[in-house]
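A look at the structure
Residues per chain are reported as follows:
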Amino acid sequence: MSQDQHADPEDISGLRQRIDILESQLEEIRLHTHVLLDIARALNASLDTRVIAANIISAIVSLIGINQASVCLYKEKTKDFEVIGVFDSVTLSPQIPPQLNLSFGAQVLSEGVTYYCSPQGQQDWEWICCLPLQNAQRKIGTINIHAIRQPEITAEQMEFLETVAGHASSALENALLYAIVERESITDGLTGVYNHRYFQKRLREQISLCQRRKRSVTFGLLIIDVDNFKRFNDRYGHQFGDTVLQTIVRELQTNLREGDLIARYGGEEFVILVPETNEKIILLISEKIREVVERTHVHYPQTNQNVSVTVSIGATLWRPADSAASVISRADHALYQAKCTGRNQSVYE
């Protein structure tokens, strides 16, 4: 073998060093990919936006020295933000300071580029980093870093944050789309209140709850019918009839208790579930609703006319022997009596 064919020991050593470096880099890439896959799985494991926000914060806290962070959803209609996740290393119950100007996130979203400002000299709850969460169709929100316990966010860490932001955008959009579909499946498209199917579900739940608790606990049921509703449609048109229903719903929602449930029961009929009540309260609520609607006027723009509206109401309380069908039947019979004896009144049975 000639001298030229002998390998130089220094070359072999240098080659081995390069191989070791490449193997180390490959292992780092493998671990990084594994972490990102775990994060992607965690983010897509829930359709609850607050759970997703908690997972986003957990992911970035695990790899970057963060003291304060938040996740916000952008609300297109109102052009403001809803805080869905907050992290503060000094407390288990962190709150965003009221003076923090969240509208800064709107500027970042409009530009579509990550904002970063060196933390040197900054105080708590300032803007160090803001990552836009968006896609081609919509602005979703922002990931915000407000305080860190390291001198800077490195280029590698920023790359990681932007990758997390990409996964977070997809996860949050899926959750928001699911919420829209779920909401549409249980609400009435015209009035925005719950639909008949959801009312039946909640009615059965309310009966089950009362059956499990002491017998003195009951709930009330009101069935409300708009008087002479066909006349509105015939005289003013169906669009005005829709306006009448929407106006009545607004008045009902304004004058009900927080726990009361209102649903559209039929064409011009609505039902209200009143939890934990008694005869005196249900009578007061029923009469209050009747009076509120009686004072309501719906504007008809074609003739600049304010049209009066009234309702008839059938009221009852659930009794231990009742099924869902029987309590509805009794309220419906009370409504029939109210309509047969002159309308614009409430009858209890």
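Just above, that's the structure.
Here's a quick rundown of the structure. (Residues numbered from 1 in each chain as written. Predicted model: local features only at pLDDT ≥ 70, side-chain atom pairs only at ≥ 80, totals over all residues. Heavy atoms only, no water.)

**A word on the packing of aromatic side chains**
- For the structure shown, the criterion picks out 11 aromatic pairs.
- One aromatic cluster is present, built from ring pairs that chain together Phe229, Phe232, Tyr236, Phe240 and Tyr300.
- The ring of Phe232 has Arg231 lying over it, and the distance from NZ or CZ to the ring centre is 5.2 Å. (Phe/Tyr/Trp six-rings, centres within 6.5 Å; stacked < 30°, edge-to-face > 60°. Lys NZ or Arg CZ within 6 Å of the ring centre and 35° of its normal.)

**Topic: unusual backbone geometry**
- In the Ramachandran plot, Lys79 falls in the positive-phi region, its phi being about 60° despite a non-glycine side chain.
- Inspection of the secondary structure puts Lys79 in the loop between strand S1 (66-75) and strand S2 (80-88).
- Unusually for a residue other than glycine, Glu276 sits at a positive phi of about 45°.
- Tracing the chain through its elements places Glu276 in the loop between strand S8 (269-274) and helix H8 (279-294). (Helix = DSSP H or I, 4+ residues; strand = E, 2+ residues; numbered from the N terminus.)

**Things to note about the sheet that holds strand S5 (residues 139-148)**
- The strand order across the open sheet built from five strands is S2-S1-S5-S4-S3, with neighbouring strands paired in antiparallel fashion. Lying at the two open borders of the sheet, with one neighbouring strand each, are S2 and strand S3 (115-116).
- As judged from the seven bridges shared by S1 and S5, these two strands associate in the antiparallel manner. Within the sheet, the bridge partner assigned to Leu73 lies in S5 and is Gly141.
- In the packing of helix H3 (residues 104-111) onto the sheet, the strands contacted are S1, S2, S3, strand S4 (129-134) and S5, and the crossing angle to S4 comes to about 60°.
- Contacts from helix H4 (residues 155-186) reach S1, S2, S3, S4 and S5 within the one sheet, and its direction differs from that of S4 by about 40°. (Pairing = 2+ DSSP bridges. Contact = heavy atoms within 4.5 Å. Axes fitted to C-alpha atoms, helices over the stretch in contact; angles between N-to-C directions.)

**Observations concerning the pattern of salt bridges**
- A complete count under the given rule lists 13 salt bridges for this structure.
- Ionic pairing is found between Glu205 and Arg202, a salt bridge with its closest N-O pair at 3.7 Å. With Glu205 and Arg202 both in helix H5 (residues 196-212) and three residues apart, this pair spans about one turn of that helix.
- By relative accessible area, Glu205 is classed as partly exposed at 39%.
- With a relative accessible area of 25%, Arg202 lands in the partly exposed category.
- Measuring nitrogen to oxygen at the nearest pair gives 2.5 Å for the salt bridge that ties Arg330 to Asp322. For the pair formed by Arg330 and Asp322, the shared burial category is buried.
- It is possible to trace a salt-bridge network through shared partners that takes in Lys201, Arg202 and Glu205. (Salt bridge = Lys/Arg side-chain N within 4 Å of Asp/Glu carboxyl O. Buried < 20%, exposed > 50% of the residue type's maximum accessible area, 1.4 Å probe, protein only.)

**Topic: the side chain of Gln157**
- Considering the arrangement of structural elements, one finds Gln157 in helix H4.
- Accessibility expressed as a relative area gives 16% for Gln157, which makes it buried.
- Of note is the side chain of Gln157, whose polar atom sits 3.0 Å from the backbone nitrogen of Thr154.
- Aside from chain neighbours lying at most four places away, what touches Gln157 is Leu63, Ile64, Gln150 and Glu152. (Polar contact = N/O pair within 3.5 Å; in protein donor to acceptor, adjacent residues only side chain to side chain.)

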